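Each chain, letter by letter, is given below.
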Amino acid sequence: MVRDIEDTLHPVDAASVLALLTERPRILALGEPTHGAQDLLRTRNALFRELVEHHDYRTIALETDCLAGLLVDDHVTTGRGDLDDVLARGLSHEWGAYPGNRELVHWMRTYNDGRPAAEQVRFAGADGPLEISAAASPRAALIALHDYVSARVDADLLPCTADVLERMIGPDDRWTEPAAMMDPARSVGQSAEARELRLLADDLATLLETHAPQLLTASTPQEWDRANLYARTATGLLRYHFWMADPTPARMTRLLGVRDAMIAGNLLALAGRGPVLVAAHNSHLQRTRSTMTMWDQPRLEWWGAGALVGARLGDRYAFVATALGTLRDQGVDVPEPDTVEGLLYGAGGLGREQLLVDAPRLAARLREEAPAGTALAARLSPWFGYAPLDPAGLADADAVVFVRDVPHR
C-alpha cells in the first residue's frame with residue numbers, strides 16, 4: 001500500500017481548504033462521522049469562524065430543525081432571548097446541550113453585536129422538523145403559510161380557511177406518535193385528512209409561485225424567505241408522513257430520500273441569498289449515494305442532500321468530509337493500517353493531531369501506486385453512532401479533515 005502521502009496533507013485552516021477547490025463554493029459543506037464529539041465541533045467552529053471573518057460567508061446552517069432554527073437566528077442577529085432557552089428550543093435532537101454548539105451560537109451573537117444587518121452572520125436549520133422516532137405535526141408550517149398568504153392575496157383565491165386547516169390537522173400527538181416509525185399502521189399520514197392536507201398545502205405553496213410579483217412587493221425579504229420555508233416544510237412534512245404510513249419494503253428508503261430532499265431544498269434556498277456553510281453528518285453531505293443498515297432492514301441506499309445539491313450546483317458545491325482515528329470511549333480503537341483512517345493515522349504520527357487531506361489527489365495516488373489487486377478496506381465500526389469513511393467515495397470528496405484521537409464528550 002502507498003506510504004508516501006506527505007504532499008497530500010495540509011494544515012487544517014480555511015485558506016488551505018479553499019486552496020484545494022477550483023472556485024469559491026456557494027455552499028461549503030463540512031461533514032462529520034459522528035454527532036456530539038467536542039473535538040470535532042471545535043474544529044468545525046474554528047474553520048467556520050475563519051470563513052466568516054476572512055472569506056465573507058454569511059450563513060451557518062446545521063443539521064437541525066429549520067423552523068426551530070428561526071429562534072436561534074433571531075437571537076444571533078438581535079440578541080433577543082436567553083441563550084440557554086434558545087439552545088434548548090432552537091436546536092433539535094437535543095444538540096443545544098453540546099458545548100461546541102453553545103460556543104458557536106455565542107460566538108455568532110458576539111460577532112454580530114453592533115454590526116449592520118448586511119454584515120451579520122445568520123443561522124439556519126437545514127433539516128426538517130424530524131426526529132429519529134417521529135416527525136412533527138404540519139400545524140406550525142401550514143398555519144404560518146396560510147397566515148402569510150391570506151394577508152396578501154384575495155380571500156377567494158385561498159383553498160380553505162385557517163379554521164378548516166386546524167380542524168383537519170387535529171391533535172398534534174396523532175402526528176408525532178413514536179410507534180409510527182416502527183409500525184406504519186400507527187401513522188396518520190395516509191388518512192383521508194392527511195391526503196386532503198397535502199393538496200391544500202400544495203395549493204397554498206402554488207400561490208407563492210403564481211403571485212410572486214405581488215407578494216415580493218408586499219413583503220420584506222425576510223418575510224418572503226420565511227413564507228417559502230413554511231411552504232417547503234409543510235409540503236415536505238406531509239410527504240414524509242405519507243410515506244411513514246407506507247407498508248411496503250420501500251418505506252425506509254422513501255423516508256430517507258424525502259428527508260434529504262428537504263435538506264437540499266433548504267440549502268439551495270439559503271444559497272440564493274449568499275454563500276453558505278453547512279455542517280451535518282457525512283452521509284447527508286457526500287456526493288456519492290448514501291447507505292445505511294438499521295434494525296432488521298436490508299442495506300438501504302438513497303441520494304443524500306449533498307448529491308442532490310451537487311448535481312445542481314456543480315463546483316459551486318464543495319464537500320469536506322471529516323474522519324477520525326480513535327473514539328475510545330465508544331470502543332473505536334486504532335484503525336487498521338489498510339483503511340483510509342489507518343493510512344492517515346500513521347501520517348498523524350508525524351506529530352500532527354489534525355490533517356487536511358487533498359482527497360482526490362490521495363485517491364489518485366492510491367490508484368497509481370498501490371500494488372495490483374489491492375485497495376483500501378472499509379473500516380468496520382464497533383458502535384452504531386460512528387460511520388467510518390467509505391474508501392470508494394474518497395475521490396468524490398474535495399477534502400478530508402482527519403482528527404487523530406477524539407474524546408466523544
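A quick note: this is a predicted structure, and the numbers were derived from the prediction, not measured.

Colleague: Please give an account of the overall build of the protein that cites residues and values.
Modeller: Along the protein, the regular secondary structure elements total 15 helices and ten strands. For 409 residues, the compact-globule estimate of 2.2 N^0.38 gives 22 Å, and the protein sits close to it at 22 Å. In the protein, which comprises 409 residues, the share counted as buried stands at 54%. Long-range contacts, defined as pairs at least 24 residues apart, comprise 78% of the intrachain contacts of the protein with a sequence gap of at least 6.

Colleague: So what's going on with the pattern of salt bridges? Which residues, and what values?
Modeller: Pairing between side chains becomes possible if they bear opposite charge and their charged atoms approach one another. Using the criterion set out here, one finds 21 salt bridges in the structure. Here E301 ties to R299 by a salt bridge, and the two come within 3.4 Å at their closest N and O atoms. Using a relative accessible area of 35% as the deciding quantity, one classes E301 as partly exposed. Taking relative accessible area as the criterion, R299 reaches 55% and is therefore assigned exposed. We note a salt bridge from R328 to D333, for which the minimum N-O separation is 3.5 Å. The exposure class assigned to R328 is partly exposed, which follows from its relative accessible area of 48%. The network of salt bridges with common partners includes R328, D333, R404 and D405.

Colleague: Report on the packing of aromatic side chains, specifying residues and quantitative values.
Modeller: Tallying each qualifying case throughout the model produces four aromatic pairs. Considering the side-chain rings of F242 and W243, the 5.1 Å spacing of their centres and the 90° angle between planes classify their relative orientation as edge-to-face. In this arrangement the basic side chain of R24 is found over the ring face of Y57, its NZ or CZ atom lying 4.8 Å from the centre. Positioned over the ring face of Y345 is R404, at 3.8 Å from the centre of the ring.

Colleague: So what about the sheet that holds strand β1 (residues 9-10)? Which residues, and what values?
Modeller: Here eight strands make up an open sheet; going across it, the order is β1-β9-β10-β8-β2-β5-β3-β4 and the pairing mixed. Strands at the two margins of the open sheet, each flanked by one partner only, are β1 and β4 (122-127). Note that strand β3 (residues 59-65) and β4 share five bridges and pair parallel. Counted as the bridge partner of A61 is A124 from β4. The strands that helix α3 (residues 69-78) touches are β3 and β4; relative to β4, the one it contacts most, it runs at about 170°.

Colleague: Describe in detail the side chain of D73, supporting the description with residues and values.
Modeller: Mapped onto the fold, D73 is located in helix α3. Relative accessible area serves as the criterion here: at 3%, D73 is assigned to the buried category. When residues no more than four places from it in sequence are discounted, the contact partners of D73 are R122, F123 and R226.

Colleague: Describe the pairing of strand β2 (residues 27-32), with residues and values.
Modeller: The element β2 is largely enclosed, with a buried count of six among its six residues. Side chains I27, A29 and G31 of β2 all project onto a buried face; the interleaved residues L28, L30 and E32 project onto the opposite face, where all are buried too. The sheet contact formed by β2 and strand β5 (residues 276-281) spans six bridges and is parallel. Paired with L30 across the bridge in β5 is A279.

Colleague: Requested: an account of the pairing of β5, with residues and values cited.
Modeller: Among the six residues that make up β5, six are buried, leaving the element largely enclosed by the rest of the structure. Looking at chain direction, β3 and β5 are connected through four bridges and run parallel. Its bridge partner lying in β5, L62 is registered against A279.

Colleague: I'd love a proper account of the packing of helix α6 (residues 139-150) against helix α7 (residues 162-169), names of residues and values included.
Modeller: Contact pair α6 / α7: the axes reach a minimum separation of 10 Å and the direction vectors enclose 170°. Looking at the two axes, α6 sits roughly antiparallel to α7. Along the contact surface, α6 presents R139, L142, I143 and H146, while α7 presents A162, L165, E166 and I169. Here the residues of the contact of α6 with α7 sort into five nonpolar, one polar and two charged.

Colleague: Describe the packing of α7 against helix α8 (residues 192-210), naming the residues involved and giving the relevant values.
Modeller: Interhelical geometry of α7 versus α8 gives an angle of 145° and a closest axis separation of 10 Å. Helix-helix and strand crossings are classified by hand; for α7 and α8 the assignment is left-handed. Across from L165, M168 and I169 in α7, the residues of α8 making contact are E193, E196, L197, L200 and L204. Considering only residue class, the contact of α7 with α8 consists of six nonpolar, no polar and two charged.

Colleague: Could you give an account of the environment of G100, naming the residues involved and the relevant values?
Modeller: Its place among the elements puts G100 in helix α5 (residues 99-112). For G100, a relative accessible area of 0% translates into the label buried. Sequence separation of G100 and G36 is 64 residues, and the distance between their C-alpha atoms is 8.0 Å. Sequence-distant contacts of G100, defined by excluding residues within four places in its chain, comprise Q38, L41, R44 and N45.

Definitions and limits used
- Residues numbered from 1 in each chain as written.
- Predicted model: local features only at pLDDT ≥ 70, side-chain atom pairs only at ≥ 80, totals over all residues.
- Heavy atoms only, no water.
- Helix = DSSP H or I, 4+ residues; strand = E, 2+ residues; numbered from the N terminus.
- Rg over C-alpha atoms; globule rule 2.2 N^0.38 Å.
- Buried < 20%, exposed > 50% of the residue type's maximum accessible area, 1.4 Å probe, protein only.
- Contact = heavy atoms within 4.5 Å.
- Salt bridge = Lys/Arg side-chain N within 4 Å of Asp/Glu carboxyl O.
- Phe/Tyr/Trp six-rings, centres within 6.5 Å; stacked < 30°, edge-to-face > 60°.
- Lys NZ or Arg CZ within 6 Å of the ring centre and 35° of its normal.
- Pairing = 2+ DSSP bridges.
- Axes fitted to C-alpha atoms, helices over the stretch in contact; angles between N-to-C directions.
- Parallel < 35°, antiparallel > 145°, perpendicular 65-115°, else oblique.
- Nonpolar A, V, L, I, M, F, W, Y, C, P; charged D, E, K, R; others polar.
- Left-handed = near helix turned anticlockwise from the far one by under 90°.

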